[in-house]
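Descriptive analysis of the structure
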Amino acid sequence: MKKNITVLPGDGIGLEVVQSAVEVLETIGTIYGHDFAFDYADIGGSAIDKHNDPLPASTIKACKAGDAVLLGAVGGPKWDQLSGDMRPEKGLLRIRKELDLFANLRPVIGFDSLSDSSTLRKEVITGIDLMIVRELTGGLYFGEPRERREENGETIAVDTLIYSRSEIERIIRKGFELAQVRSRRVTSVDKANVLETSRLWREIAEEISTEYPDVALEHMLVDNAAMQLIRDPQYFDVIVTENLFGDILSDEASMLTGSLGMLPSASMSAEGPGLYEPVHGSAPDIAGQDKANPLAAISSASMMLKYAFGLSEEALAVDKAIDQVLNEGFRTGDIAREGEAVKTTSEITQKVIETL
Ligand code: NAI
Ligand code: MG
């Protein structure tokens, strides 16, 4: 299989962990006979330095021309004084819009070998394997009007929660499609007891569920879902929800299983290339020191293999290698246990490659 991957390293540890992910993809290519070509482009602070724009037109063009995008992280103190549209993070928001990445997938998987780094009891988190599917381009974050105004001597701020039928349909479908190849259970999270958008959401989820008779659908109010995620996270398979609820629940869920340095994500559009990136940021405190945990980025590459290219076997091989490396006690500082030698980014990457 021949695939073109657009690589956007970004800033800080983005450069280091993306390099690890690329090396792992190259290894997979060699083992399984795939031809992965990598096309590098700038985003974030490094793009500001070179092009005076956090998302140059050349980067957008490169992303649209490829089969998938691999991103590191953006941001850092060097660019903190810049405002508004010139900030590195703006590059990230813009690329999501440019590629119409409406579905954000965040898997939450409990590694047995890391169960001691969670704040929850071992028996609560063992065996967690859930997927949060968050709507990423609609809802309260994009609704108009959004403004501040003065009324009768009072300052009023307005955000608008708005969703169209087609926006809801496509994200709910994504949830069902994912559930079909998992444990066949969708939990649709809303606030239908209060919000009109949630009532429409619920109706549409019911309609779409008839297209997927092999998948069970349940509805859960978001406040209850926040509670159940902590009480019994093993209960969940696929959670599908709107933008704001998904933002909050996915951060909550990510902390069930340990370090930021472990968590991958995928953002997908209807047909164009998807974007695969670790959840963490550019970590300026450890950047350039070969200290970053590359596993979130490597895991994001695994999601790319599976979801962008349909290479499930290859993805599973990467996931298994990660698990084995952890089990053998190879850990960067963020997850190292007391008294254990701390490994570097390059050492972990090499170990994953050897294991593959
Ligand atoms: P951060 O995720 O960069 O770092 C938070 C803490 O976690 C730091 O102590 C860092 O050393 C540690 N950490 C993060 N990833 C790690 C890894 N792979 N291995 C080991 N330790 C890791 O978040 P922070 O510090 O709030 O933001 C730093 C910069 O990153 C800011 O400019 C922020 O805007 C940007 N950012 C970018 C994101 C992105 O590109 N998707 C997401 C979040 C923040
Ligand atoms: Mg968030």
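Residues numbered from 1 in each chain as written. Chains lettered and ligands numbered in written order. Predicted model: local features only at pLDDT ≥ 70, side-chain atom pairs only at ≥ 80, totals over all residues.

**Quick look at the overall build of the protein chain**
Counting its regular elements, the protein chain contains 12 helices and 12 strands. A compact globule built from 356 residues should have a C-alpha radius of gyration of about 21 Å, and the protein chain, at 20 Å, falls within 12% of that. Seen through its C-alpha atoms, the protein chain measures out along the principal axes to roughly 60 × 50 × 45 Å. Within the protein chain, buried positions represent 46% of all 356 residues. Partitioning the contacts of the protein chain with sequence separation of at least 6, the portion at a separation of at least 24 is 75%. (Helix = DSSP H or I, 4+ residues; strand = E, 2+ residues; numbered from the N terminus. Rg over C-alpha atoms; globule rule 2.2 N^0.38 Å. Buried ≥ 20, exposed ≤ 12 C-beta atoms within 10 Å, placed from the backbone. Contact = placed C-beta atoms within 7 Å.)

**Brief notes about the UniProt feature "binding site: substrate" (unreviewed entry) in the protein chain**
UniProt annotation of "binding site: substrate" (unreviewed entry) refers to Arg96, Arg106, Arg134 and Asp223 when read in the numbering used here. Annotated residues spanning 128 residues; largest pairwise C-alpha distance 27.6 Å, indicating distribution over more than one region. Examined against the element boundaries, arginine 134 turns out to sit in strand 5 (residues 129-135). When the 26 C-beta atoms within 10 Å are taken as the criterion, arginine 134 is described as buried. Sequence-distant contacts of arginine 134, that is, excluding residues within four places in its chain, are made with Asn104, Thr241, Asn243, Gly246, Asp247 and Ser250. Structurally, the position occupied by aspartate 223 is in helix 8 (residues 222-231). Under the C-beta neighbour-count criterion, aspartate 223 is labelled exposed, with 12 such atoms within 10 Å. (UniProt positions renumbered as here; feature names shortened; annotations may be inferred.)

**What to know about the sheet that holds strand 4 (residues 103-109)**
Read across the sheet, 10 strands follow the order 2-1-3-12-11-4-5-10-8-9 without closing on themselves; strand pairing throughout is mixed. A single partner strand is all that each edge strand has here, and the edge strands are strand 2 (35-40) and strand 9 (216-221). Recorded for the sheet is a direction-independent mean angle of 25° between the axes of neighbouring strands. For strand 11 (residues 264-268) and strand 12 (residues 274-278), the ladder comprises four bridges, and the chain directions are antiparallel. Across the sheet, alanine 266 pairs through a bridge with tyrosine 276, a residue of strand 12. In this fold helix 6 (residues 165-180) packs onto strand 4, strand 5, strand 8 (185-190) and strand 10 (238-241), with an angle of close to 165° to the strand it touches most, strand 5. Here helix 9 (residues 243-254) sits on the sheet and contacts strand 4, strand 5, strand 8 and strand 10; the angle it forms with strand 5, its principal contact strand, is near 155°. (Pairing = 2+ DSSP bridges. Axes fitted to C-alpha atoms, helices over the stretch in contact; angles between N-to-C directions.)

**Thoughts on helix 1 (residues 13-32)**
An ideal rise of 1.5 Å per residue puts 28 Å on 20 residues; helix 1 measures up with 29 Å between its terminal C-alpha atoms. The complete set of buried residues in helix 1 reads Ile13, Gly14, Glu16, Val17, Val18, Ser20, Ala21, Val22, Val24, Leu25 and Ile28. Taken from the residues just after helix 1, glycine 33 is the one with a positive phi, measuring 75°. (Expected span 1.5 Å × (residues − 1).)

**So, the environment of glutamate 16**
Along the chain, glutamate 16 turns up in helix 1. On the basis of neighbour counts, which here come to 26 C-beta atoms within 10 Å, the residue glutamate 16 falls in the buried class. When the C-alpha atoms of glutamate 16 and serine 259 are compared, they prove to be 17 Å apart, with 243 residues separating the residues in sequence. Ignoring anything within four residues of it in the chain, the contact list for glutamate 16 reads Asp290, Ala292 and Thr345.

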